[in-house]
Amino acid sequence: MVLSVRDLAVTRGGLAILEGVSFDLAAGEALVLRGPNGVGKTTLLRSVAGLQPPEMGTVTGAEDQIAYAGHSDGLKAMLSVTENLRFWASVFGLSDIEPALVAFDLTDLRDRMAGTLSAGQKRRLGLARLMVTGRPIWVLDEPTVSLDVASVALFAEAVRTHLRGGGSALMATHIDLGLTEATVVDLTPFKAAPRTRSMDEAFL
Amino acid sequence: MSLWEYANPVKFIRTTDKVLPWIWTLTVLCLVTGLIWGFFFTPNDFRQGSTVKIIYIHVPSALMAINAWLMMLVASLIWIVRRHHVSALAARAAAPVGAVMTMIALATGAFWGQPMWGTWWAWDPRLTSFLILFLFYLGYMALWEAIENDDTAADLTSILCLVGSVFAVLSRYAVNFWNQGLHQGATLSLDKEENISDVFWFPLLVCIAGFVLLFIALVFLRTQTEIRARRTRALLAREGQA
Amino acid sequence: MRALLLRDLRLAIRAGGGFGLGLAFFLIVTVLVPFGVGPQTELLSRIAPGILWIGALLACLLSLDRILALDWEDGSLDLLATAPLPMEGIVTVKAFAHWITTGLPLVLAAPVLGVLLSLPIPAYQWVVISLAVGTPALSVIGTFGAALTVGIKRGGLLMSLLVLPLYVPTLIFGAEVARRGAEGLTVQTPLLLLAGISFGVIALLPFASAAVLRINLR
């Protein structure tokens, strides 16, 4: 098992939103999280990525293995496409950015400033960043926002390549990527019973 | 049975509710006795005349200005190490009290300084240090107000309190280095020969006790309020979710 | 780490504001002071070391919110937090980049602006030395303030309120070095104390800044 989540409970704004979430992710596997808006997909992913301590439960195998892509791409408008990618590559100790440029069809845009890209192009660049991290587990929060059909196909292909190479992916998305091998987990049953965080319970 | 049991908000409110009337009574008793004794039944100083009597407010408030910060520092440490909510809320409750004490010390100092030194304000090390301490209080309170999430605010203000304490001490030394001042040395110390005479000393002690008790009473009261506000928010959040 | 430093420097050059804005502000403060206190040479030369220090401090303060706020807004901080860099390293590099883009130009510009304020000749070297030793402390302390207020909308004013009291010791010792230098007195004690503060905050404060940033990110 590459990543294993046990009995996770997360809170947002002082309210428990999800509890008892457990799943495993093996190498070469993809897991798609579903659920209505506000069910806690983003919060769950942030907890898995280690950005937010979970209220309860454990995440094992995440340490230094995760490449996280959230709602914002972390791009610098005043840097070119290659400069943006090269920066993230060297942060993660890699240098080769060509495969990422090719996979997301960015080769023609390589010298453009990131600030001049369209929303979809920016998103593609943000996703290309995942490939230069060299990390095995991709944690993706709504990766297909502002992507057109062709770009979604590019992205699905990139994920498939990543899985074939022994990587794995955990993503929250509404769009069917055509990843037949992906397991779908609906988060609705894990919705927490109305209560406040255990921290606040001392006050009640 | 340990001290940490009082870190439970409910237990804290129950206990303080029991002791608060006693503390208030003692506070009023000490302050009334100390101030009347000090103001009306002590002789005038042979050099300073009747202005010396402001000492009965000036010295206790100055002491409490510093002790309040120390109390906040201890409470912040307890929050960081043991994560007791009452401790963080007590630190929050103490800050405005400490700030007001600092302001009283500065104001009474100015009223005293005017007839004695001929000036309301001088950039004397002690005065300057207190002004800087006041700024630290302001920043600490502003940070509490600015952050919406209670626990985040508690974490950030605790760290600010720790870092601020180090810088407050540094500033104290820096200011001493920068200007040797007008202010007399410490009036109260145990090892010095040259202490103030007993006639002034006893009423001053009673006043100091009164200010300490006043501080404790106010902090207890304000911590209770903070706990109740926090409880209201928790209840409302639960209602909203249901 | 080096990549982060290079990126920050490159951004500072490209986006303008980095090198230029702080310097321009320093210039304007220095120009405004004679308008405020009058053009008498002897008065100006007496207060020049202090004015240069205050100007440098304010110019530093002005650019603090750029250290972390931009990376916070575009999500880079989240991504950096999941990268294999320690948070302490990130804040140190950020502070260092801020010093190179703001502190260092101020140090170099100070002698030129000293001419405007008729700074006494012996003071020039000490103004430069004290700024060179003291501005790193300003950047590191400022990064702590920026980390504290990064999650707060319109946190700039609050940050000034938090950071300025923390600047007091640095300012006192720094200005004291410059003042004593101007009067031809020995500067050894304040200079050592200033260096002590700089080294102390560089060694210790990044831990506090990193802790604060982690809290703000969650």
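Residues numbered from 1 in each chain as written. Chains lettered and ligands numbered in written order. Predicted model: local features only at pLDDT ≥ 70, side-chain atom pairs only at ≥ 80, totals over all residues.

> Before we move on, could you go through the overall build of chain C and cite the residues and values that matter?
Counting secondary structure elements, chain C contains nine helices and zero strands. Order of helices (α) and strands (β) in chain C, N terminus to C terminus: α-α-α-α-α-α-α-α-α. Scaling as 2.2 N^0.38, a compact globule of 218 residues should have a C-alpha radius of gyration of about 17 Å, and chain C matches this with 18 Å. On the principal axes, the C-alpha backbone points of chain C span a range of 55 × 35 × 30 Å. Sequence separation of at least 24 residues holds for 82% of the intrachain contacts in chain C that already meet a minimum separation of 6. (Helix = DSSP H or I, 4+ residues; strand = E, 2+ residues; numbered from the N terminus. Rg over C-alpha atoms; globule rule 2.2 N^0.38 Å. Contact = placed C-beta atoms within 7 Å.)

> An account of the overall build of chain A is requested, with residue identities and associated values reported.
The number of helices and strands found in chain A is six helices and eight strands. In sequence order, the secondary structure elements of chain A are arranged as β-β-β-α-β-β-α-α-α-β-α-β-β-α. A globule of 204 residues ought to have a C-alpha radius of gyration of about 17 Å, and chain A, at 18 Å, matches this closely. Across its three principal directions, the C-alpha atoms of chain A cover 60 × 35 × 30 Å. For chain A, with 204 residues in total, the buried portion stands at 45%. When contacts within chain A are restricted to residue pairs at least 6 apart in sequence, those whose partners lie at least 24 apart make up 75%. (Buried ≥ 20, exposed ≤ 12 C-beta atoms within 10 Å, placed from the backbone.)

> Just give me the short version of the sheet that holds strand β3 (residues 30-34) of chain A, but keep the residues and values in it.
Residue and element names in this part refer to chain A. Strands sit in the order β5-β6-β7-β3-β8 across an open sheet of five strands; the sheet is parallel. Edge positions in the sheet fall to β5 (66-69) and β8 (183-186), since each has one partner strand and no second. Taking each pair of neighbouring strands and ignoring which way they run, the sheet shows an average axis angle of 15°. Two strands pair when backbone bridges link them, and β5 and strand β6 (residues 137-141) are joined in this way by four bridges, in the parallel orientation. Bridge pairing links Y68 to V139 in β6. Set on the sheet, helix α5 (residues 149-164) makes contact with β3, β6 and β7 (168-172); between it and β7 the angle comes to about 145°. (Pairing = 2+ DSSP bridges. Axes fitted to C-alpha atoms, helices over the stretch in contact; angles between N-to-C directions.)

> Explain the domain arrangement of chain A residue by residue, including any values.
Residue and element names in this part refer to chain A. The domains assigned to chain A are domain 1 (1-65 + 136-204) and domain 2 (75-135). Using C-alpha coordinates to define each centre, domain 1 is positioned 24 Å away from domain 2. On the side of domain 2, 11 residues touch domain 1, which itself brings 13 residues to the contact. Of all the elements in the fold, those that place two or more residues in the side of domain 1 that touches domain 2 are β6 and α5. The greatest single-element share of the side of domain 1 that touches domain 2, amounting to four residues, is contributed by α5. (Domains from an automatic or database assignment.)

> A description of the environment of L160(B) should follow, citing residues and the corresponding values.
Within the secondary structure, L160(B) is located in helix α5 (residues 150-178). On the basis of neighbour counts, which here come to 23 C-beta atoms within 10 Å, the residue L160(B) falls in the buried class. Along the primary structure L160(B) and I55(B) are separated by 105 residues, whereas in three dimensions their C-alpha atoms are 32 Å apart. Those residues within four positions of L160(B) in sequence are excluded, and the remaining contacts are Y140(B), L143(B), L148(C) and L162(C).

> Which residues make up the pairing of β6(A), and what values do they have?
Residue and element names in this part refer to chain A. In terms of burial, β6 is a largely internal element, five of the five residues being buried. Side-chain alternation along β6 places I137, V139 and D141 on one buried face and W138 and L140 on a second face that is also buried. Two strands pair when backbone bridges link them, and β6 and β7 are joined in this way by five bridges, in the parallel orientation. Within β7, the position partnered with D141 by the bridge is A172.

> Talk me through the interface of chain C and chain B; I want residue IDs and the actual numbers.
Interface size, as often reported, equals the accessible area lost upon joining of the parts. Each partner contributes residues to the interface: chain C has 19 residues there, and chain B has 21 residues. When contributions to the side of chain C that touches chain B are tallied by element, the ones reaching two or more residues are α7 (123-148), α8 (156-182) and α9 (188-217) of chain C. When residues of the side of chain C that touches chain B are assigned to their parent elements, the largest contribution, 10 residues, is made by α8(C). Grouping the amino acids of the side of chain C that touches chain B by side-chain chemistry returns 17 nonpolar, one polar and one charged. (Nonpolar A, V, L, I, M, F, W, Y, C, P; charged D, E, K, R; others polar.)

> Run through the nonpolar core, naming residues and quoting values.
With 204 residues, the main nonpolar core has V139(A), A68(B), A94(B), A56(C), I141(C) and V212(C) as its most contacted residues. Shared between two domains, this core takes at least three residues from each, and those domains are domain 1 (1-65 + 136-204) and domain 2 (75-135) of chain A. Setting aside residues up to four positions removed in sequence, A68(B) forms contacts with A94(B), V97(B), G98(B), M101(B) and F215(B). (Core = buried A, V, L, I, M, F, W, Y, C linked by C-beta atoms within 7 Å.)

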